[in-house]
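What follows is the residue order along each chain.
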Amino acid sequence: MLIATTRLAAFTPSPTTSLVTLALTAEERSRSRHRFTTPEGQIIFLRLPRGTVLKHQDYLATEEDTIIQVLAKPEPVLTVTARDSLLLLRGAYHLGNRHVPVEIGPDYLRLAPDPVLQDLLIHLGLTVQPAVMSFQPEAGAYHHH
């Protein structure tokens, strides 16, 4: 079992680095203390400071001198687009008003599937497309990475 205790500020892999990858959903990347098993059967326990939210391609140091690379695992999402930016901003406002985790792109919003929110967004005139891809919601105003 590998025990990850520290997120590295910077890391450059070398040929001698023992590197393990761990693909996690957005919700799993918000767990600072949890046990995961890789597809290869490797057990990884996160023992990170409370409130840690991991991002795609973060690196973690372990007590066993192995480095873990975190990857954003593809998961079901809704991608929201609009014919103009004002309409997209209106959608962002309504999602934010409901405290929904949202990934914000230059011309899209992305959120976890929710039929009630999907109907709301469609009613507002937005286009909503289901997909399976990595989801990286905003960390929030009070979270520092």
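The structure we're discussing is the one just above.
To keep things clear, this report deals only with the structure shown in the data block. Keep in mind that what you see is a predicted model, and the values were worked out from it rather than measured.

Those residues of helix H2 (residues 115–123) not exposed but buried are Leu117, Leu120 and Leu121. Down the axis of H2, the buried side of the element spans an arc of 95°, and every buried residue falls inside it. Those residues of H2 that are exposed and angled more than 90 degrees off the buried face are Pro115, Asp119 and His123. Where H2 is buried, its residues contact strand S7 (75–81), helix H1 (85–97), strand S9 (109–111) and strand S10 (127–133). One side-chain oxygen of the residue at the start of H2 lies 2.9 Å from the amide nitrogen of valine 116, identifying that residue as aspartate 114.

Its location among the elements puts threonine 66 in the loop between strand S5 (59–62) and strand S6 (67–72). Assessed through its relative accessible area of 9%, threonine 66 is described here as buried. With residues near it in sequence (within four places) discarded, threonine 66 still touches Leu2, Ser18, Val20, Leu60 and Ala61.

Two faces, one strand: in a regular strand the side chains alternate between the faces of the sheet. One ladder, built from 3 bridges, connects strand S1 (residues 2–7) with strand S4 (residues 43–47); its direction is parallel. Residue pairing in the sheet places leucine 2 in a bridge with isoleucine 44 of S4. Examined bridge by bridge, S1 and S5 share 3 bridges and lie antiparallel to one another. Note on S5: the bridge partner recorded for arginine 7 is leucine 60.

Right, let's get into the pattern of salt bridges. The full count for this structure, using the stated rule, is 4 salt bridges. Glutamate 63 serves as the salt-bridge partner of arginine 47, at 3.3 Å between the closest nitrogen and oxygen. Of the two residues, arginine 47 is situated in strand S4 and glutamate 63 in the loop between S5 and S6; the sequence distance between them amounts to 16 residues. Given a relative accessible area of 36%, arginine 47 falls into the partly exposed group.

Our next topic: H1. A rise of 1.5 Å per residue sets the reference length of H1, with its 13 residues, at 18 Å; its end C-alpha atoms lie 18 Å apart and thus fit the reference within 8%. Of all the positions in H1, only Leu87, Leu88, Gly91 and Leu95 are classed as buried. Buried residues of H1 fall within an arc of 100° about the axis and therefore sit on the same side. Exposed residues pointing more than 90 degrees away from the buried face of H1 are listed as Ser85, Leu86, Leu89 and Tyr93. On its buried face, H1 is in contact with S7, S9 and H2. By the N-cap criterion, in which a side-chain oxygen at the helix start approaches the backbone nitrogen of a residue two or three places on, H1 is capped by aspartate 84, the distance to leucine 86 being 3.1 Å. In the segment just after H1, histidine 99 is the residue with positive phi, at about 55°.

Spatial strand order, S8-S9-S7-S10: 4 strands in an open sheet with antiparallel pairing. Only two strands of the sheet have a single neighbouring strand rather than two, namely strand S8 (103–104) and S10. Bridging between S7 and S9 involves 3 bridges; their strand directions are antiparallel. In the sheet register, valine 80 faces S9, and the bridge partner there is leucine 109. Running at roughly 30° to S9, H1 makes contact with S7 and S9 of the sheet. Of the strands in this sheet, S7, S9 and S10 are in contact with H2, which crosses S10 at around 140°.

Calculation notes
Residues numbered from 1 in each chain as written. Predicted model: local features only at pLDDT ≥ 70, side-chain atom pairs only at ≥ 80, totals over all residues. Heavy atoms only, no water. Buried < 20%, exposed > 50% of the residue type's maximum accessible area, 1.4 Å probe, protein only. Helix = DSSP H or I, 4+ residues; strand = E, 2+ residues; numbered from the N terminus. Arc of directions from axis to C-beta. Contact = heavy atoms within 4.5 Å. Polar contact = N/O pair within 3.5 Å; in protein donor to acceptor, adjacent residues only side chain to side chain. Pairing = 2+ DSSP bridges. Salt bridge = Lys/Arg side-chain N within 4 Å of Asp/Glu carboxyl O. Expected span 1.5 Å × (residues − 1). Axes fitted to C-alpha atoms, helices over the stretch in contact; angles between N-to-C directions.

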